[in-house]
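Listed below, chain by chain, are the residues.
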Amino acid sequence: MSFATTAIAAACTAQTMLASPLGPLLLARTHIGLAGVWFMRQKDHPGDLAAPTQPDDPLLRRAEAQLQRYFAGAKDGFDLPLDLLGTPFQRAVWQALLRIPIGQTKSYGAIAREVGTAQAVRAVGAAVGKNPLGVIVPCHRVIGSNGALTGYAAGLERKTALLELEGARFNKASAALPFECAA
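Since the structure is predicted, the reported quantities are computational estimates derived from the model, not experimental observations. (Residues numbered from 1 in each chain as written. Predicted model: local features only at pLDDT ≥ 70, side-chain atom pairs only at ≥ 80, totals over all residues. Heavy atoms only, no water.)

**Digging into the nonpolar core**
Ranked by internal contacts, the top residues of the largest apolar core, which has 38 residues, are Leu27, Leu34 and Leu97. Within the residue set of this core, elements represented by two or more residues are strand 1 (14-18), strand 2 (25-29), strand 3 (34-39), helix 2 (58-71), helix 3 (88-98), helix 4 (108-114), helix 5 (121-129) and helix 6 (156-166). The dominant element in this core, judged by the number of residues it contributes, is helix 2, at six residues. With near-sequence residues (within four places) excluded, Leu97 lies in contact with Ile111, Val128, Val137, Pro138, Cys139 and Val142. Ranked by size, the runner-up nonpolar core spans nine residues in total, among them Ile8, Cys12, Ala51 and Leu85. (Core = buried A, V, L, I, M, F, W, Y, C linked by side-chain atoms within 4.5 Å. Buried < 20%, exposed > 50% of the residue type's maximum accessible area, 1.4 Å probe, protein only. Helix = DSSP H or I, 4+ residues; strand = E, 2+ residues; numbered from the N terminus. Contact = heavy atoms within 4.5 Å.)

What follows is the structure in structure tokens.
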């Protein structure tokens with residue numbers, strides 16, 4: 001488990017599951033805001049959380065509604081209080097991800113320059129990979145400098161599907177086969 005995932009597991013006050021076209025999502029919140037959105041079996045998934053399952057939690061319901069709108073093709077983004085639990089560097093990278101508009105992409109190098117560490121492209125990649133708020137904090141919008149898809153904690157098939165849903169441009173030759181959900 002990553003630092004962020006461990007912190008979320010300790011601070012989580014409620015959780016729920018959401019069915020999505022790309023597979024089930026686990027949503028977790030703290031007393032501050034939404035702290036985790038993970039696809040099942042993705043890297044750094046927290047597993048069973050000690051927090052109660054509360055599908056009627058107002059913030060979790062709001063997050064569910066916004067995610068359902070997103071998967072239905074809405075392009076108006078997300079408006080949710082977030083609790084970004086990570087290192088200061090990770091939080092800076094995740095804030096940069098939040099500034100990438102729907103339907104657009106940015107390279108790891110561009111993110112590194114934006115957070116003031118132009119030479120730290122690999123560190124930016126590691127921070128992107130540890131993002132606990134998949135879809136909401138759009139790490140799927142980060143691509144290689146040549147437009148190619150690179151890693152994604154929930155799988156390249158999901159990254160491809162999310163970018164296609166948003167109408168983003170990327171090097172489709174680097175994409176995996178279309179995702180088929182068996183969940």
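There's plenty left to go through after this.
**So, helix 3**
Turning to helix 3, its buried residues number three or more, namely Gln90, Val93, Trp94, Ala96 and Leu97. In an axial view of helix 3, the angular spread of the buried residues amounts to 155°, which keeps them on one side of the axis. Buried residues along helix 3 sit against helix 1 (3-11), helix 4, helix 5 and strand 5 (142-143). (Arc of directions from axis to C-beta.)

**Quick look at the packing of helix 3 against helix 5**
Between helix 3 and helix 5, whose axes approach to 9 Å, the crossing angle comes to 80°. The angle between helix 3 and helix 5 falls in the class roughly perpendicular. Contacts between helix 3 and helix 5 involve Phe89, Gln90, Val93, Trp94 and Leu97 on the former and, on the latter, Ala123, Val124, Ala127 and Val128. Considered class by class, the residues forming the contact of helix 3 with helix 5 number eight nonpolar, one polar and no charged. (Axes fitted to C-alpha atoms, helices over the stretch in contact; angles between N-to-C directions. Parallel < 35°, antiparallel > 145°, perpendicular 65-115°, else oblique. Nonpolar A, V, L, I, M, F, W, Y, C, P; charged D, E, K, R; others polar.)

**As for the pairing of strand 1**
Of all five residues that make up strand 1, four are buried, and the element is covered over most of its length. Two elements, strand 1 and strand 2, share five bridges in a ladder whose sense is antiparallel. The residue of strand 2 that forms the bridge with Ala14 is Arg29. Two successive antiparallel strands, strand 1 and strand 2, enclose a turn made up of six residues, where Gly23 displays a positive phi of approximately 115°. (Pairing = 2+ DSSP bridges.)

**Some points on the side chain of Glu166**
Mapped onto the elements of the fold, Glu166 is located in helix 6. In this structure Glu166 comes out as buried when scored by relative accessible area, which is 4%. Within the local environment of Glu166, its side chain forms a polar contact with the side chain of His140, the two groups lying 2.8 Å apart. A distance of 2.8 Å separates polar atoms of two side chains, one belonging to Glu166 and the other to Arg141. With residues near it in sequence (within four places) discarded, Glu166 still touches Tyr70, Lys75, Ile102, Gly103, His140 and Arg141. (Polar contact = N/O pair within 3.5 Å; in protein donor to acceptor, adjacent residues only side chain to side chain.)

**A short note on helix 1**
Inspection of helix 1 places Ala4, Thr5 and Ile8 among the buried residues, and these make up the whole buried set. Seen along its axis, helix 1 keeps its buried residues to an arc of 95°; they face one direction. Structural note: helix 1 exposes Phe3 and Ala10 on the side pointing more than 90 degrees away from its buried face.

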